[in-house]
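One-letter residues, chain by chain:
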Amino acid sequence: MLNPKELEQLKFFADKVATVHGPEHGEYITVNEIVKDIEGEEVSSDDLADLRELTKNYIIPEWACKAQTTLLNLLWKMDK
């Protein structure tokens, strides 16, 4: 699980990536909506399953920017 600072970073990068890449990659808008609802250390197994599916198991695309790479790495860490 993520510590409070990492959770704050996750929320920041989820919002940033959704804003920048959301128009072309709508899955990041949904990722951001899920991340916004995460409180403390509790993440439902349904949310994790949705995040895995939306991000193709947190695979970093070749075209990924630093913000997207950071987001996907934080999501992967949260899932493990």
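Here, residues in each chain are numbered from 1, in the same order as that chain's written sequence. Selection of residues for local features in this predicted model requires a pLDDT of at least 70, selection of side-chain atom pairs for listing and counting requires 80 or more, and totals for whole chains, interfaces and linings are taken over all residues. Calculation of side-chain values draws on the structure's entire complement of heavy atoms; hydrogens and water are dropped beforehand.

## Side note on the overall build of the protein
Turning to step 1, where the next piece is worked out: Each helix corresponds to a stretch of at least 4 residues labelled H or I by DSSP, and each strand to a stretch of at least 2 residues labelled E; elements are numbered beginning at the N terminus. Counting its secondary structure elements, the protein contains 4 helices and 0 strands.
Turning to step 2, where the next piece is worked out: The linear arrangement of helices and strands in the protein, starting from the amino end, is α-α-α-α.
Turning to step 3, where the next piece is worked out: Atoms counted for the radius of gyration: C-alpha only. Globule rule: 2.2 Å times the number of residues to the power 0.38. A compact globule built from 80 residues should have a C-alpha radius of gyration of about 12 Å, and the protein, at 11 Å, falls within 12% of that.
Turning to step 4, where the next piece is worked out: Considered along the principal axes of its C-alpha atoms, the protein spans approximately 30 × 25 × 20 Å.
Turning to step 5, where the next piece is worked out: Accessible area is worked out with a 1.4 Å probe on protein chains only. A residue is then buried under 20% of its type maximum, exposed over 50%, and partly exposed in between. Of all 80 residues assigned to the protein, the portion counted as buried reaches 36%.
Turning to step 6, where the next piece is worked out: Sequence separation of at least 24 residues holds for 63% of the intrachain contacts in the protein that already meet a minimum separation of 6.
Turning to step 7, where the next piece is worked out: Only the protein chains shown count as cover for residues, and all accessible areas are computed by the Shrake-Rupley method using a 1.4 Å probe. A total accessible area of about 5000 Å² is found for the protein, and carbon and sulfur atoms account for 51% of it. Note on definitions: a residue-residue contact is assigned when non-hydrogen atoms from the two residues lie within 4.5 Å.

## What to know about the packing of helix α1 (residues 4-21) against helix α4 (residues 66-79)
Turning to step 1, where the next piece is worked out: For helices, the fitted axis covers only the stretch in contact; all axes are lines through C-alpha atoms, and the angles between them, taken along N-to-C directions, range from 0 to 180 degrees. Across the interface, α1 lies against α4 with an axial gap of 9 Å and an inter-helix angle of 135°. Taken as axis vectors, α1 and α4 run oblique relative to one another. In the crossing of α1 with α4, the sense of the turn from one axis to the other is left-handed. Where α1 abuts α4, its residues Glu-6, Gln-9, Leu-10, Phe-13, Ala-14, Lys-16, Val-17 and His-21 lie against Ala-67, Gln-68, Thr-70, Leu-71, Leu-74, Leu-75, Lys-77 and Met-78.
Turning to step 2, where the next piece is worked out: For this classification, the nonpolar set comprises Ala, Val, Leu, Ile, Met, Phe, Trp, Tyr, Cys and Pro, the charged set comprises Asp, Glu, Lys and Arg, and every other residue, Gly included, is treated as polar. Here the residues of the contact of α1 with α4 sort into 9 nonpolar, 4 polar and 3 charged. Angle categories: roughly parallel below 35 degrees, roughly antiparallel above 145, roughly perpendicular from 65 to 115, and oblique for all the rest. Each crossing gets its hand from how the near helix is turned against the far one by less than a right angle, where anticlockwise is left-handed and clockwise is right-handed.

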